[in-house]
Each structure stands twice: as structure tokens, then as C-alpha cells.
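The lines below spell out each chain.
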Amino acid sequence: MQEKLLSNTQTSFDDIKESYAAICENIEKAKSAAGRTDDVRLMAVTKTVDPERINYAIGLGIDLLGENRVQEFMDKREQYSPAEVHFIGGLQTNKVKYIIDKVSMIHSVDNLRLAEEISKRAGQHGLVMDILAEINIGGEGTKGGITPESTGEFCAQVRELPHIRLRGLMTIPPPGCGEDTFEAMQRLFNDLRADKSVNTGAFDTLSMGMSGDYETAVKHGSTIVRIGSGLFGYRKYL
Ligand SMILES: *Cc1c(COP(=O)(O)O)cnc(C)c1O
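Residues numbered from 1 in each chain as written. Predicted model: local features only at pLDDT ≥ 70, side-chain atom pairs only at ≥ 80, totals over all residues. Heavy atoms only, no water.

### Quick look at the site of the ligand
Phase 1 of the analysis: Neighbouring residues of the ligand: 13 residues in total, closest Lys47, Ser211, Gly228, Ser229 and Arg235.
Phase 2 of the analysis: Interatomic distance of 2.8 Å between a backbone N/O atom of Ser229 and an oxygen atom of the ligand.
Phase 3 of the analysis: In isolation the ligand offers 390 Å² of accessible surface; the protein chains occlude 90% of this area. (Near = heavy atom within 4 Å. Polar contact = N/O pair within 3.5 Å; in protein donor to acceptor, adjacent residues only side chain to side chain. Areas by Shrake-Rupley, 256 points an atom, 1.4 Å probe, with all protein chains shown as cover.)

Right, here's the structure in full:
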């Protein structure tokens, strides 16, 4: 089925402004409840959102966007105000070449072939691409992502690639999962961060938390929360 851009057109600019303020406040509350003083970055996930609303959000102070469809991103990116963009969606190896010089981080790397292609293409552009290893923390059979058990091995393999810098982990916890899933992810991240064979100095990013669970994610060490519908309203697909 073809998904077409229809976008969250009922959401007013005022709605976006109110949601943004509430989300920032909730992140701060979750941080202080957890005794955290480090940074948590708010990413606006802009899939299906039209450029006017994206640019309004950037005007409010949002400086990081997340896109998860290559074609949609290519169609829209010329219309954005300047902002940093991370790629967060499932990425086919043959699409890497389209985004490699247009994003500053790829969150969804879950196989070595993809990592190798990213490294190769980054090299052609004289870049070192920041990536996150996507972890299937809930062990869901249908979902992409590396199993927690094979994460250490995967990180060690990726580390050998010349034009990639492994910055940390990303996950999409199963909807409605318990807090123990977030705890497990935090433990995995902290273990790898403490492992000198994986962390050669830049392993500092845990991308976890979406509109429905970002406060729990912040409680458990997330450094980037990825918020779509909570900011822009519900996505409509045609
Ligand atoms: C769509 C999406 C989000 C945002 O989801 P919301 O529940 O709308 O906040 C976050 N991460 C990824 C990978 C996504 O595809």
C-alpha cells in the first residue's frame, strides 16, 4: 500500500506551541526526578508533517529533526529551515547513497551489511557518519533490531569500519511494555559505555522514548527522545 503525504493538517500552530512547552516541561521534571543534570535532546519526528509546521517548530527552538522515510525526506528537505536531521527509520542498503551527506546521524543500524555500506558511502564523501545500533529490546519477532545478546559482538564489528563512529544505541520498546524493559536497555547501554573495547571515546547516546513513553525513557537514561504525534498531532496516511 502506498503511503501518501497528507500530514497533520488539523493541528494549529498554537497546538504545536503548547505541546512543545508541555513536553519540555515534562522532560525537565523527569530529569530532576531522576537526579539528572546532563542533556536530553528533543527530536521532532517529522514524518507526514508538512514543511510549514516543521518550520514553525524550528522557529520555536527545535534544532533536531527525525525522518524515517527516504523518499519523503528527499521530497521535503529543500523546504526546511536549516536544522540538524537524523535518519531514524528502516534503511535499505541501496538507499544509503541518497541520505549519506544529508543527515548527521543514522539511528537504525541493525546489520553489518548496512553498516558497511554506510561506511563505504561516507568514505566517498570524506565523512565519518555517526550511527546508533538499533536494539530489539522487547525481543519482538517481527521487529528489526539486534538482540541484546548479540549487541556486544555487533558493536565490535562495526567499530572496525573506517568511516563510521558508533555513538550508542537506539530502541523502540514494545508499546505498553513494563518499566523493566527500559531498565534493561539502560543496563545494556551502561555496560557497553563502560567497555573500553566498544567505547573509544564517543559512545554517549541512548535514543529511547517516543510520545507515549518519553518520561519513562528519560528516567532510564535516554539522551534523545523522538517525539512525533505528541508535538504535531496524529499522523494521517492516505
Ligand atoms: C514515528 C516514530 C517516532 C515518533 O513516534 P510518536 O509516537 O508519534 O512520537 C519515533 N521513532 C521512530 C523510529 C518513529 O518511526
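### Quick look at helix H6 (residues 151–159)
Phase 1 of the analysis: What H6 keeps buried is the set Thr151, Phe154, Cys155 and Val158. One side of H6 holds all its buried residues, which, seen down the axis, span an arc of 100 degrees.
Phase 2 of the analysis: Check the buried side of H6 and you find it contacts strand S4 (105–109), helix H5 (112–124), strand S5 (129–135), strand S6 (164–171) and helix H7 (179–193). (Buried < 20%, exposed > 50% of the residue type's maximum accessible area, 1.4 Å probe, protein only. Helix = DSSP H or I, 4+ residues; strand = E, 2+ residues; numbered from the N terminus. Arc of directions from axis to C-beta. Contact = heavy atoms within 4.5 Å.)

### As for the nonpolar core
Phase 1 of the analysis: One finds Ile106, Ile118, Ile131 and Leu169 to be the most contacted residues of the largest nonpolar core, which totals 59 residues.
Phase 2 of the analysis: If near-sequence neighbours (up to four positions away) are discounted, Leu169 is found in contact with Leu132, Ala133, Ile135, Thr151, Met185, Leu188, Phe189, Leu192, Phe203, Thr205, Leu206 and Ser207.
Phase 3 of the analysis: Grouped together as the second largest cluster of nonpolar side chains are 5 residues, Met43, Val45, Leu64 and Ile224 included. (Core = buried A, V, L, I, M, F, W, Y, C linked by side-chain atoms within 4.5 Å.)

### A short note on the packing of aromatic side chains
Phase 1 of the analysis: All chains considered together, the criterion is met by 2 aromatic pairs.
Phase 2 of the analysis: Ring geometry for Phe13 and Tyr56: centres 4.4 Å apart, planes at 5 degrees, overall stacked. One end of the pair, Phe13, is in helix H1 (residues 13–33); the other, Tyr56, is in helix H2 (residues 51–60), and 43 residues separate them in sequence.
Phase 3 of the analysis: Relative to Phe203, the ring of Phe189 lies with its centre 5.6 Å away and its plane at 25 degrees, an arrangement referred to as stacked. With Phe189 in helix H7 and Phe203 in the loop between H7 and strand S7 (205–207), this pair connects stretches of sequence that are 14 residues apart.
Phase 4 of the analysis: Among the residues examined, Phe189 registers a relative accessible area of 2% and is labelled buried.
Phase 5 of the analysis: With a relative accessible area of 2%, Phe203 lands in the buried category. (Phe/Tyr/Trp six-rings, centres within 6.5 Å; stacked < 30°, edge-to-face > 60°.)

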